[in-house]
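Given next are the chains, with one letter for each unit.
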Amino acid sequence: MTLYLYLFSLLFTRFETVSILDKSKLYVYDVYFIEQNGDTLTKEKISFKPSDNPWKYQKEYQKEIEYIYMPDYSGLQRFIHPLKGFEKRIERNTKKSFNRKSWSNYTWINKFEKTGFVESDSILWIHPPRSNQYCYNDLTAFPEVKFNELKEGGKWESKTYILKGYPSNKEFVGIRNDSYKVERLLSYPLFSQQLEECWLIETTSTHSKLPESRANFIFHRNYGFISMEYFFYNGIKIIYKLQQIEI
């Protein structure tokens, strides 16, 4: 797994922990990776489990969150990785795997990922999934809510420094500036009901080397981010829809 290093202004502030994400629950999403031509390359489920454990790369500021991937192996056979270092690794591992029992044993596909999140009385901020085809999520604003701006017309900014990783993520290296705007309250279908008091948050992200990408989040005070839609500079889309919450 490649290690990316980020610097965030929010990490230099201490927060009082609150609880929107329930540490005893597993949040399950349907996720669609849609290609430039509109075809759905992969449809799979991703679950995440927040915890109270410190995240090892930012122990003082972030808690650990674990993503559990249920890969769409058929679709991933056609995935072209945007980072050339990873694409070369995939080619090597593909050749090595001919004697293995199934394509699902390819070692470049991660089934688990541990990363960090911040939850406090002033902010909820989460590293999105970034393994496998979800590496594109490095190019858009991360799921974030500043509660004092959670009102129609609320705005805030953030900056992310994407540094070098291994084997190479040079294509994404640069500075990403994110702009968030709270558009409006709306109702949203969730768990066979129409959920009220949902906030639509729209974001734009400018990269020092790449064109603009966008993301839209739908946030609810009881469930967190119930929908996340990412629109990347090259026409690729990734859509997350919360489907269930398990104890």
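Report follows, based on the coordinates.

**Describing the nonpolar core**
Piece 1. Ranked by size, the top nonpolar core spans 57 residues in total, and within it Tyr 29, Tyr 136, Ile 201, Phe 219, Phe 225, Ile 238 and Tyr 240 carry the most contacts.
Piece 2. Once you skip the residues sitting within four places of it in the chain, Tyr 29 turns out to touch Glu 44, Lys 45, Ile 46, Phe 48, Phe 225, Ile 226, Met 228, Tyr 240, Lys 241, Leu 242 and Gln 243.

**Details of the side chain of Ser 213**
Piece 1. Examined against the element boundaries, Ser 213 turns out to sit in strand β10 (residues 213–220).
Piece 2. Residue Ser 213 is classed as buried on the basis of its relative accessible area of 1%.
Piece 3. A polar atom in the side chain of Ser 213 sits 3.0 Å from the backbone nitrogen of Tyr 233.
Piece 4. Not counting chain neighbours up to four residues away, the residues in contact with Ser 213 comprise Leu 139, Thr 140, Thr 204, Ser 205, Phe 231, Phe 232 and Tyr 233.

**Section: the pairing of strand β11 (residues 224–231)**
Piece 1. With 7 of 8 residues buried, β11 lies mostly within the body of the structure.
Piece 2. Sheet topology places β10 next to β11; 7 bridges connect them, and they run antiparallel. Of the residues in β11, the one forming a bridge with Arg 214 is Phe 231.
Piece 3. Hairpin connection, β10 to β11: the antiparallel pair is bridged by 3 residues.
Piece 4. When β11 meets strand β12 (residues 237–246), the two strands line up antiparallel, connected through 5 bridges. Residue pairing for β12: Phe 231 is matched across the bridge by Lys 237.
Piece 5. Between β11 and the antiparallel strand that follows it, β12, lie 5 residues; Gly 235 among them carries a positive phi value of about 95°.

**Quick notes on a positive patch on the surface**
Piece 1. Among the surface-exposed residues, Lys 88, Arg 92, Lys 164, Lys 170 and Lys 209 lie close enough to one another that they form a single positively charged patch.
Piece 2. Turning to its location among the elements, Lys 170 is positioned in the loop between β7 (155–162) and β8 (174–190).
Piece 3. Classification of Lys 170 by relative accessible area gives exposed; the value is 52%.

Calculation rules
- Residues numbered from 1 in each chain as written.
- Predicted model: local features only at pLDDT ≥ 70, side-chain atom pairs only at ≥ 80, totals over all residues.
- Heavy atoms only, no water.
- Core = buried A, V, L, I, M, F, W, Y, C linked by side-chain atoms within 4.5 Å.
- Buried < 20%, exposed > 50% of the residue type's maximum accessible area, 1.4 Å probe, protein only.
- Contact = heavy atoms within 4.5 Å.
- Helix = DSSP H or I, 4+ residues; strand = E, 2+ residues; numbered from the N terminus.
- Polar contact = N/O pair within 3.5 Å; in protein donor to acceptor, adjacent residues only side chain to side chain.
- Pairing = 2+ DSSP bridges.
- Patch = residues over 30% accessible without salt bridge, like charges linked within 9 Å, V, L, I, M, F, W, Y side chains within 5 Å.
- Areas by Shrake-Rupley, 256 points an atom, 1.4 Å probe, with all protein chains shown as cover.
- Salt bridge = Lys/Arg side-chain N within 4 Å of Asp/Glu carboxyl O.
- Lys, Arg positive; Asp, Glu negative; His and termini not counted.
- Charge placed at Lys NZ, Arg CZ, Asp CG, Glu CD.

Read these as spatial facts, not as claims about activity.
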